[in-house]
Amino acid sequence: MKYIRKIIGLVISVTFIASVIIGLGIIFSVKNVNISMQSYTYPEPEAMTDEEKSSAYAEIETFRQDLMAKYRGTLLGFVSGEELAENFKNTKYILESYSKTYPCTLDLVIKERRESFCVRVGENSYNTYDSYGTLMREGVKKEESLNNIDGAPNVAVSVENVRDIKLIADMASAFGEEFSALRSIVESIEISSQTNHIIFKFHCGISLRIADFGTLTKSKLRAGHEKFESLSGEEKLSGTIAVTVKESGEVVAELFNNV
């Protein structure tokens, strides 16, 4: 009898523990998904028309329903950011950030991908890429390769290998932070793996050439920016600002009119 009582006690304990685990699983599983959208297409919510609000909410609800169908009942702690980001891989949005509100809610912020770069791939065929260097459109004509949001030209990019697009995107992002703009200033970007130079061709005519662009990037861009701002309007129409590092470690930017 003593052994039977022990077995019964063990069964009761196991059953109790299993019930607790199941209960916790139910409590901490995904039941809600909230999505906020950062968009270039739509204006701020207070400025939206009823039609724009309806369209934006429909987009958000489509994502929300898809995510609920996929993650409902999944333990909240097991949902990763990498996995969530994959759900937006083939859409015009990226996952900007996410958080988990326990016990059962996923909160996501998605951001509209912004087309920024244009690469010629044929006689009149271009591929466009977003600001992260991710392909957006393939094989479009030049007149169709304009920015998909504002209709202005994207930055023309010349690369030796398509994999360098992401490298250019990183450099362009750093340029945009320093100069507070990219497409309104830069007409084209070219890199050379042989010389390890990157060249920003400005709409106004002058170019900014940075040597060994993988090191001291911010300092070199700052030096180039300061040199550019020091020039007169006429001086900005041609020539090249060359940014290099001296043996002493000093970052210098010099203007060359014959380059």
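The coordinates are above.
Residues numbered from 1 in each chain as written. Predicted model: local features only at pLDDT ≥ 70, side-chain atom pairs only at ≥ 80, totals over all residues. Heavy atoms only, no water.

> Even after reading the chapter, I still don't get helix H4 (residues 164-179), so can you show me in this structure?
Since the α-helix advances by 3.6 residues per turn, residues separated by three or four positions end up pointing in the same direction. For H4, built from 16 residues, the straight-helix expectation of 22 Å at 1.5 Å per residue is met to within 8% by its first-to-last C-alpha distance of 22 Å. Phi turns positive one or two residues past the end of H4, at Ser-180, with a value near 65 degrees. (Helix = DSSP H or I, 4+ residues; strand = E, 2+ residues; numbered from the N terminus. Expected span 1.5 Å × (residues − 1).)

> Explain the nonpolar core to me, please; I cannot follow it from the model alone.
When a protein is soluble and globular, its nonpolar side chains tend to lie buried together. Phe-117, Phe-175, Ile-189, Phe-200, Phe-202 and Leu-208 are the most contacted members of the largest nonpolar core, which totals 31 residues. Looking at this core, the elements with two or more residues in it are strand E4 (115-122), strand E7 (155-158), H4, strand E8 (186-192), strand E9 (197-202), strand E10 (207-211), helix H5 (217-230) and strand E11 (240-245). The greatest single-element share of this core, amounting to 8 residues, is contributed by H4. Met-48, Ala-56, Leu-76 and Phe-88 belong to the second-largest nonpolar core, a separate cluster that totals 20 residues. (Core = buried A, V, L, I, M, F, W, Y, C linked by side-chain atoms within 4.5 Å. Buried < 20%, exposed > 50% of the residue type's maximum accessible area, 1.4 Å probe, protein only.)

> Would you explain the packing of aromatic side chains in this entry?
Summed over all chains, the structure comprises 8 aromatic pairs. Relative to Phe-200, the ring of Phe-175 lies with its centre 4.7 Å away and its plane at 25 degrees, an arrangement referred to as stacked. With Phe-175 in helix H4 and Phe-200 in strand E9, this residue pair connects regions lying 25 residues apart in the sequence. Judged by its relative accessible area of 0%, Phe-175 falls in the buried class. Relative accessible area serves as the criterion here: at 0%, Phe-200 is assigned to the buried category. Taken together, the ring pairs in this structure connect Phe-175, Phe-179, Phe-200, Phe-202 and Phe-228 into an aromatic cluster. The ring centre of Tyr-40 lies 4.5 Å from the NZ or CZ of Arg-114, which sits over that ring. (Phe/Tyr/Trp six-rings, centres within 6.5 Å; stacked < 30°, edge-to-face > 60°. Lys NZ or Arg CZ within 6 Å of the ring centre and 35° of its normal.)

> Before we go on, may I ask you to explain the pairing of E11 in this structure?
In the case of a regular strand, side chains alternate between the two sheet surfaces. Where E10 lies against E11, 4 bridges are found, and the strand directions are parallel. Directly across from Ile-210, in E11, lies its bridge partner Val-243. Each parallel crossover has a hand, and the one from E10 via H5 to E11 is left-handed. In the sheet, E11 pairs with strand E12 (residues 251-256) via 6 bridges, with the strands oriented antiparallel. Pairing of Ile-241 across the sheet is with Leu-255, part of E12. Connecting E11 to the next strand, E12, in antiparallel fashion are 5 residues, including Gly-249 with a positive phi near 95 degrees. (Pairing = 2+ DSSP bridges. Right-handed = clockwise from strand over helix to strand, strands pointing away.)

> Looking at this structure, I do not really get the sheet that holds strand E2 (residues 93-101). What am I missing?
Across a sheet, paired strands are connected by hydrogen bonds in the backbone, their directions being either parallel or antiparallel. Sheet architecture is open: 3 strands sit in the order E1-E3-E2, paired in mixed fashion. Edge positions in the sheet fall to strand E1 (32-38) and E2, since each has one partner strand and no second. Adjacent strand axes in the sheet meet at a mean angle of 20 degrees when their direction is disregarded. As paired elements, E2 and strand E3 (residues 105-112) share 8 bridges and run antiparallel to each other. Across the sheet, Ser-97 pairs through a bridge with Val-109, a residue of E3. Lying over the sheet, helix H2 (residues 50-71) contacts E1, E2 and E3, oriented at roughly 145 degrees with respect to E1. (Axes fitted to C-alpha atoms, helices over the stretch in contact; angles between N-to-C directions. Contact = heavy atoms within 4.5 Å.)

> It is not clear to me how the pattern of salt bridges should be interpreted in this structure. Could you clarify?
Between side chains of opposite charge, a pair can form when the charged atoms approach closely. Across all of its chains, the model carries 5 salt bridges by this definition. Between Lys-92 and Glu-59 there is a salt bridge, and its shortest N-O distance comes to 4.0 Å. Here Lys-92, found in the loop between helix H3 (81-86) and E2, pairs with Glu-59, found in helix H2; they are 33 residues apart in sequence, far enough to count as distant. Note that Asp-130 is salt-bridged to Arg-113, the shortest N-O span being 2.8 Å. Of the two residues, Asp-130 is situated in strand E5 (residues 125-130) and Arg-113 in the loop between E3 and E4; the sequence distance between them amounts to 17 residues. With respect to burial, Asp-130 and Arg-113 carry one shared label: buried. (Salt bridge = Lys/Arg side-chain N within 4 Å of Asp/Glu carboxyl O.)

> Whenever I open this one, the environment of Ile-110 confuses me. Can you help?
By the element assignment, Ile-110 lies in strand E3. A C-alpha to C-alpha distance of 5.6 Å links Ile-110 and Ile-94, two positions 16 residues apart in sequence. Residues within four places of Ile-110 in sequence aside, it is in contact with Ile-35, Ser-36, Met-37, Gln-38, Phe-63, Phe-88, Tyr-93, Ile-94 and Glu-96.

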